[in-house]
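Examination of the molecular architecture
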Amino acid sequence: HGKLGEVWNEDMSSAMLGKRLRKVVQNYQAMNKYGVQFQGTSRTRSGHKLSGPELLCQLKERVVVTTLTSDLKPFSGLPWGPQLPPRPLTSDLGPFKSCAVVSSAGSLRNSGLGREIDSHDAVLRFNAAPTGGFEKDVGTKTTLRLINSQVMASDDHRFLSSSLYSAGSLVAWDPAPYSADLTEWYNRTDYPIFQQYQRYRRLHPQQRFYILHPRVEWQLWDRIQDNMAEAIQRNPPSSGLLGTILMMSLCEVVHLYEFLPSHRKTELCHYYQRFYDAACTLGAYHPLLYEKNLVKRMNQGPDLDIYTHGRVTLPGFSTFNC
Ligand code: C5P
């Protein structure tokens, strides 16, 4: 009791992964589906590793968290354009004092964190993660839900009809090519995000529903790569990190749960499914391993919080000056 076990090592590298996962990461690294071009100015590779506060400042200054608005091209010229909100999410929601970001990790199972999560002013959840049946471990409150375009498009998730998505405000995202403008992305999304958005809006016109500006994904990706000593997967960051940055721009303090695994760490992928794969926690498509290294560096809470609660404490962008 109270004895500190191992927590996330902020210098994790692909060399520390098992053979199978290492191979998967290498394959994604080689692929470059989105045409990523990045000239790292990397201070890491030139010897200087940024401190947590320095990293926080980089994120605050170089990642502009915003969502699509109806006045942006090409949407302003499209018949359905007025379905998009007139103002970005950050003007409509918050500011909140304290926020919880609930990763969907299997290690939330039997965590008993529900009451603590619900005590926050706002709670962010991801994709198809339910509260029903898991209230003791993940709570009941949903202020925001960040969903990827794959979930929106897949038949299994019944995105248009399931009540899972009716709580709180929705934010959707889809990977854009690295250098694409909004028109190029609009004509070449990974999944039919805009088609599903329009359908959902017609069925649920009262619910707030935003689309993340795809620039956010790559601005964040640049920060991850720039601060790593090795080449990372050239794919967008996971929903988990995107949602964390989103909440850091809405809240004074953000508690992130089971993104860095607690003593409950498990190969169970999601707390709500019986599917086991270490890639869910360590990354395959997403540069998740490196996202976790950065989060570990920025954490302002004690390691014991990670070990016992899977809890990381991050300051909101409005609370510090650079
Ligand atoms: O799988 P999904 O993307 O819906 O999960 C939401 C987020 O939770 C992921 O993007 C990832 O950041 C985080 N996660 C994790 N470990 C897991 C499962 C999810 O860190 N085992």
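Structure: see above.
Description of the structure in this document.

The rules behind these values
- Residues numbered from 1 in each chain as written.
- Predicted model: local features only at pLDDT ≥ 70, side-chain atom pairs only at ≥ 80, totals over all residues.
- Heavy atoms only, no water.
- Axes fitted to C-alpha atoms, helices over the stretch in contact; angles between N-to-C directions.
- Helix = DSSP H or I, 4+ residues; strand = E, 2+ residues; numbered from the N terminus.
- Parallel < 35°, antiparallel > 145°, perpendicular 65-115°, else oblique.
- Left-handed = near helix turned anticlockwise from the far one by under 90°.
- Contact = heavy atoms within 4.5 Å.
- 1 Å grid on protein atoms, 1.4 Å probe; cavity = no way out; pocket = protein on both sides within 12 Å on 5 of 7 lines; lining within 4 Å.
- Points joined across faces, edges and corners; volume = space filled by probe spheres on them.
- Nonpolar A, V, L, I, M, F, W, Y, C, P; charged D, E, K, R; others polar.
- Salt bridge = Lys/Arg side-chain N within 4 Å of Asp/Glu carboxyl O.
- Buried < 20%, exposed > 50% of the residue type's maximum accessible area, 1.4 Å probe, protein only.
- Near = heavy atom within 4 Å.
- Polar contact = N/O pair within 3.5 Å; in protein donor to acceptor, adjacent residues only side chain to side chain.
- Sits in = over half its atoms within 2 Å of the grid points.

**Some remarks on the packing of helix 2 (residues 52–62) against helix 9 (residues 214–226)**
Contact geometry of helix 2 with helix 9 gives a least axis separation of 10 Å together with a crossing angle of 155 degrees. In terms of orientation, helix 2 and helix 9 fall into the roughly antiparallel class. Where helix 2 crosses over helix 9, the two elements pack in a sense that is right-handed. Between helix 2, through Gln58, Leu59 and Arg62, and helix 9, the contact on the second element is made entirely by Gln219, Leu220 and Arg223.

**Brief notes about the layout of surface pockets**
A volume near 1200 Å³ is recorded for the largest pocket. Around the largest pocket sit 45 residues that line it, and Asn127, Asn148, Ser239, His270 and His286 are the ones nearest its centre. Of all the secondary structure elements, the ones that give two or more residues to the lining of the largest pocket are helix 6 (149–153), helix 10 (239–248), helix 11 (279–282) and helix 12 (288–298). Across the lining of the largest pocket, the residue classes tally to 19 nonpolar, 19 polar and seven charged. In this model, the second largest pocket occupies a volume close to 300 Å³. Along its surface, the second largest pocket is lined by 13 residues, and Trp8, Pro261, Lys265, Thr281 and Leu282 are the ones closest to its centre. Within the lining of the second largest pocket, the residues separate by chemical class into six nonpolar, four polar and three charged.

**Looking at the pattern of salt bridges**
Note that side chains of opposite charge can pair when their charged atoms are close. Across all of its chains, the model carries eleven salt bridges by this definition. Arginine 87 is the partner of aspartate 92 in a salt bridge, and the nearest nitrogen-oxygen pair spans 2.8 Å. For aspartate 92, a relative accessible area of 22% corresponds to the partly exposed category. The class for arginine 87 is partly exposed, based on a relative accessible area of 45%. Of the charged contacts, one joins lysine 296 and aspartate 303 as a salt bridge, the two residues approaching to 3.1 Å between their closest N and O atoms. A residue is classified by how much of its surface remains accessible, and lysine 296, at 13% relative accessible area, is buried. With a relative accessible area of 30%, aspartate 303 lands in the partly exposed category. What emerges from the salt-bridge pattern is a single network uniting Glu10, Asp11 and Lys49.

**Regarding the site of the ligand**
Taken together, 15 residues form the shell around the ligand, and within it Asn127, Ser238, Cys269, His270 and Lys292 come nearest. Note that an oxygen atom of the ligand is positioned 3.3 Å from one of the backbone N or O atoms of serine 239. Here glycine 240 contributes a backbone N or O atom positioned 3.1 Å from an oxygen atom of the ligand. For the ligand, the cavity whose grid points lie within 2 Å of the majority of its atoms is the largest pocket. For the shell around the ligand, the elements supplying multiple residues, two or more each, are helix 10, helix 11 and helix 12. Residue composition of the shell around the ligand, by class: six nonpolar, eight polar and one charged.

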